[in-house]
Amino acid sequence: MPELPEVETVRRTLEPVVVGQTIERCEIYYERVLPHARSSEFCGSVANRTITGVGRRGKYLIFALDRELDLVVHLRMTGQLIYQPTRELPLPKHVSARFWFLDNGELRFVDQRKFGTIYLVARDDYSEIHGLYTLGPEPLSSEFIWKVLAAGVQSMRAIKAVLLDQTKIAGLGNIYADEVLHRAGIHPLKPGCLLTESEIKILHKSIVSVLNEAIACHGTTIRDYRTGSGDTGNFQNQLQVYRQTGKPCGKCGVLIERIKAGGRSTHFCPRCQRWDPECTD
Ligand SMILES: [Zn+2]
């Protein structure tokens, strides 16, 4: 599933090619991609509007349209938002929506599993998009200081589950939660409220550094994720624990293990990320 670095990469690859483009018309091939609108009214509302900016919050892409509308896209499991400079290219399977631009290019929403969603709302009014409205702090913003993280992790739940909770911190999913905890040397099952101040500071640094490195590598492609140009990412070659079960830890050589945390597959190094629940220090 695309996480913050993947969605940010899509944003960065689309911004230079779609800002300034006017949507001539759009077509919806899968009605449920629009949870809150009929395709006829949606397409009528976006037609003849110009894209003035491309933003991101957590895993949501936000296209600012002229005359005060925001087009919000959530890629969910397998969504791909790809710019095609020409219309002649063959239409791939699993296309949920297409936006044709006046200059002849188009933006395609391709989504094999069909969980992806598109919303059209008044500028900055996200009250109807629950996941966006309740989103926690943005980890790469200047407001995200270690004390913000410290407030967010005060929970009896396993730290892995807390990191996946989008209301506590925006944008982390299964890949980066595992990678961040490995870099910080914290056991994924340790309750958030038991983290020491120094652990929270290391965790904070690890979140920022792992996300920035993954963005620099254009994200992680395990299967479906593609950039806005249709290319794969490269961070899958730098993963330390995610899907590395049975391989030696890059820091200590002990074999990476897989457990369940919060119902999700979780990968960690039993030596670098030690925690004894019986021991209280
Ligand atoms: Zn290790």
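The residue numbers shown here count from 1 along each chain, following its written sequence. Totals for whole chains, interfaces and linings use all residues, but because this is a predicted model, local features are given only for residues with pLDDT of at least 70 and pairs of side-chain atoms are given and counted only at 80 or more. Side-chain numbers here rest on the full set of heavy atoms in the structure, without hydrogens or water.

K.L.:
Explain the side chain of Thr78 residue by residue, including any values.
P.N.:
By secondary structure assignment, the location of Thr78 is in the loop between strand 4 (69-74) and strand 5 (79-84). Each residue's exposure class comes from its accessible area (1.4 Å probe, protein chains only) as a fraction of the maximum for that residue type: buried when under 20%, exposed when over 50%, partly exposed otherwise. By relative accessible area, which is 5% here, Thr78 ends up buried. Whenever a nitrogen or oxygen atom comes within 3.5 Å of another N or O atom, the pair is scored as a polar contact, on the condition that within protein one atom can donate a hydrogen and the other can accept it, and that pairs from neighbouring residues in sequence are kept only if both atoms are in side chains. A distance of 2.7 Å separates the side chain of Thr78 from the side chain of Asp111, its partner in a polar contact. Engagement of the side chain of Thr78 in a polar contact is seen with the backbone nitrogen of Gln112, the distance being 3.3 Å. For Thr78, the contacting residues outside a window of four places in its chain are Val110, Asp111, Gln112, Arg113, Lys114 and Asp224. By the criteria applied, helices consist of DSSP H or I runs no shorter than four residues and strands consist of E runs no shorter than two, each listed in order from the N terminus. Should any heavy atoms of two residues lie within 4.5 Å, those residues are counted as being in contact.

K.L.:
Kindly report on the coordination of the zinc ion, identifying the contributing residues and their values.
P.N.:
The protein atoms that coordinate the zinc ion are Cys249 (SG), Cys252 (SG), Cys269 (SG) and Cys272 (SG), at distances spanning 2.2 to 2.4 Å. Coordination shells were defined by N, O and S atoms within 2.8 Å of each metal, extended to 3.2 Å for Na, K and Ca; water is absent from the atom set, which can make sites look incomplete. Only four donors with every angle between 85 and 135 degrees are called tetrahedral; only four or six donors with opposite donors over 155 degrees apart and all others between 65 and 115 are called square planar or octahedral, in that order; all others are irregular. Here the zinc ion is ringed by 4 donor atoms whose angles at the metal span 98 to 113 degrees, and the overall shape comes out tetrahedral. Positions of the donor residues of the zinc ion along the chain correspond to the pattern C-x2-C-x16-C-x2-C. With Cys249 in the loop between helix 7 (197-216) and strand 9 (257-261) and Cys272 in the segment after strand 10 (264-268), this pair connects stretches of sequence that are 23 residues apart. For Cys249, a relative accessible area of 4% puts it in the buried group. What makes Cys272 partly exposed here is its relative accessible area of 22%.

K.L.:
Which residues make up a positive patch on the surface, and what are the values?
P.N.:
Patches were defined on residues exceeding 30% relative accessible area and lacking a salt bridge, with like-charge contacts within 9 Å and nonpolar side-chain contacts (Val, Leu, Ile, Met, Phe, Trp, Tyr) within 5 Å. Only the protein chains shown count as covering a residue, and every accessible area follows the Shrake-Rupley method with a 1.4 Å probe. Salt bridges are defined as contacts in which a side-chain nitrogen from Lys or Arg sits within 4 Å of a carboxyl oxygen from Asp or Glu. For the charge count, each Lys or Arg is scored as positive and each Asp or Glu as negative, with His and the chain ends excluded. Here the site of a charge means NZ on Lys, CZ on Arg, CG on Asp, or CD on Glu. A surface patch of like charges, here positive, comprises Arg243, Arg258, Lys260 and Arg264. Mapped onto the elements, Arg264 comes out in strand 10.

K.L.:
For the domain arrangement of the protein, give the residues involved together with the corresponding values.
P.N.:
Per the domain assignment, the segments of the protein are domain 1 (4-133) and domain 2 (146-268). In this document the domain limits rely on a domain assignment from an automatic tool or a database. Once you take the C-alpha centre of each, domain 1 and domain 2 turn out to be 28 Å apart. Taken residue by residue, the interface counts 18 residues in domain 1 and 20 residues in domain 2. Connecting domain 1 to domain 2 are 0 salt bridges. Those elements giving two or more residues to the side of domain 1 that touches domain 2 turn out to be helix 1 (4-18) and strand 5. For the side of domain 1 that touches domain 2, the element with the highest residue contribution is helix 1, accounting for 9 residues. Residue composition of the side of domain 1 that touches domain 2, by class: 7 nonpolar, 6 polar and 5 charged. Amino acids outside the nonpolar list (Ala, Val, Leu, Ile, Met, Phe, Trp, Tyr, Cys, Pro) and the charged list (Asp, Glu, Lys, Arg) are all regarded as polar, and Gly is one of them.

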